Structures are given as structure tokens and as C-alpha cells.
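# Working through the structure, step by step
What follows is each chain in one-letter form.
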Amino acid sequence: MEETFERVEFLNRLRSLQWLCSDTDTTCPKALLVLPGPDGRFNTGSVHIIKYLFQGSIGKELQDDVLKEEFEDLEDMTMLIKEKSVSIMYRYDRLH
């Protein structure tokens, strides 16, 4: 598979989030649970993670808690980011 710049940047951002997690270091969380939409009561931290991960937003761009229109469907997913894995749950009937 050809590595595109966008894909490489996405993977780098994902790895930086995984770096925050540890199964062995008790000073780090074991995982990051991302619930950005209504199930997470539009959790600001989760929305910021989605914006960072999928939109590449950083700094002041994260102050606005609104996702770009093309990423709004991501509010319906749940993501668990761990040190060595990522799990994404999304209702199949919600896919377009």
C-alpha cells in the first residue's frame, strides 16, 4: 500500500496518543477512551482527540469543539486507544 502524506501524518498522531498509554507504567493511563458524541455528552476532551487525530488540528484550532462537516459522523463512534492497539466501535447501520 502506498504511503500518502496524510496517512503517515495520521499514523504519527495515533502513535503519539498511544505513547501516552502504558500497560506497565503506573503513572500513565492504561488507555484513552474516546466518546465524542451524545453517548459521551459531547465530551470536550474526546472531541479534541478526534480533531487532532482525524483533522490534524493543533493549538488554537482545538478550542472550537465543532468537528468539520465531513467528520461529524465520527461523533457516533467509540474508540479505545491503548499502548499497542486501537479498538473502534461504530454501529454498522449508521454507515452511509
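This text follows the structure it describes.
Report follows, based on the coordinates.

The rules behind each value
Residues numbered from 1 in each chain as written. Predicted model: local features only at pLDDT ≥ 70, side-chain atom pairs only at ≥ 80, totals over all residues. Heavy atoms only, no water. Pairing = 2+ DSSP bridges. Helix = DSSP H or I, 4+ residues; strand = E, 2+ residues; numbered from the N terminus. Axes fitted to C-alpha atoms, helices over the stretch in contact; angles between N-to-C directions. Contact = heavy atoms within 4.5 Å. Buried < 20%, exposed > 50% of the residue type's maximum accessible area, 1.4 Å probe, protein only. Core = buried A, V, L, I, M, F, W, Y, C linked by side-chain atoms within 4.5 Å. Patch = residues over 30% accessible without salt bridge, like charges linked within 9 Å, V, L, I, M, F, W, Y side chains within 5 Å. Areas by Shrake-Rupley, 256 points an atom, 1.4 Å probe, with all protein chains shown as cover. Salt bridge = Lys/Arg side-chain N within 4 Å of Asp/Glu carboxyl O. Lys, Arg positive; Asp, Glu negative; His and termini not counted. Charge placed at Lys NZ, Arg CZ, Asp CG, Glu CD. Expected span 1.5 Å × (residues − 1). Polar contact = N/O pair within 3.5 Å; in protein donor to acceptor, adjacent residues only side chain to side chain.

## Quick look at the sheet that holds strand 2 (residues 78-82)
- With antiparallel pairing, three strands are arranged side by side in an open sheet as 1-2-3. A strand with exactly one partner marks an edge of an open sheet, and here the two such strands are strand 1 (31-34) and strand 3 (86-89). Taking the axes of each pair of neighbouring strands and ignoring which way they run, one obtains an average angle of 10° across the sheet.
- Two elements, strand 1 and strand 2, share four bridges in a ladder whose sense is antiparallel. Paired with Leu33 across the strands is Leu80, a residue of strand 2.
- In this fold helix 1 (residues 5-19) packs onto strand 1, strand 2 and strand 3, with an angle of close to 70° to the strand it touches most, strand 2.

## Structural notes on unusual backbone geometry
- Residues other than glycine seldom take positive phi values, yet Phe42 does so here, at roughly 50°.
- As for its position among the elements, Phe42 is in the loop between strand 1 and helix 2 (44-55).
- Exposure remark for Phe42: the relative accessible area of 47% places this residue in the partly exposed category.

## Notes on the nonpolar core
- Core analysis: the largest hydrophobic core is formed by 15 residues, its most contacted members being Leu17, Val34, Ile50, Met79 and Ile81.
- Broken down by element, the residue count for this core peaks at four residues, all from helix 2.
- If near-sequence neighbours (up to four positions away) are discounted, Met79 is found in contact with Leu32, Leu33, Val34, Ile50, Leu53, Phe54, Val86, Ser87 and Ile88.

## Observations concerning the side chain of Ser46
- If you trace the backbone, Ser46 turns up in helix 2.
- A relative accessible area of 4% places Ser46 in the buried class.
- Apart from residues no more than four positions distant in its own chain, Ser46 is found in contact with Leu33, Val34, Leu35 and Pro36.

## Thoughts on a negative patch on the surface
- On the surface, Glu69, Glu70, Glu72 and Asp73 cluster together to form a negatively charged patch.
- Assignment of secondary structure puts Glu69 in the loop between helix 2 and strand 2.
- For Glu69, a relative accessible area of 69% puts it in the exposed group.

## Comments concerning helix 2
- For helix 2, with 12 residues, the first-to-last C-alpha span of 15 Å sits near the 16 Å given by 1.5 Å per residue.
- Residues Ser46, Val47, Ile49, Ile50, Lys51, Leu53 and Gln55 constitute the buried set of helix 2.
- The secondary structure elements touched by the buried residues of helix 2 are helix 1, strand 1 and strand 2.
- Between the side-chain oxygen at the start of helix 2 and the backbone nitrogen of Gly45 there is a gap of 3.0 Å, and the oxygen is on Asn43.
- Just downstream of helix 2, Gly56 is the residue with a positive phi angle, here 75°.

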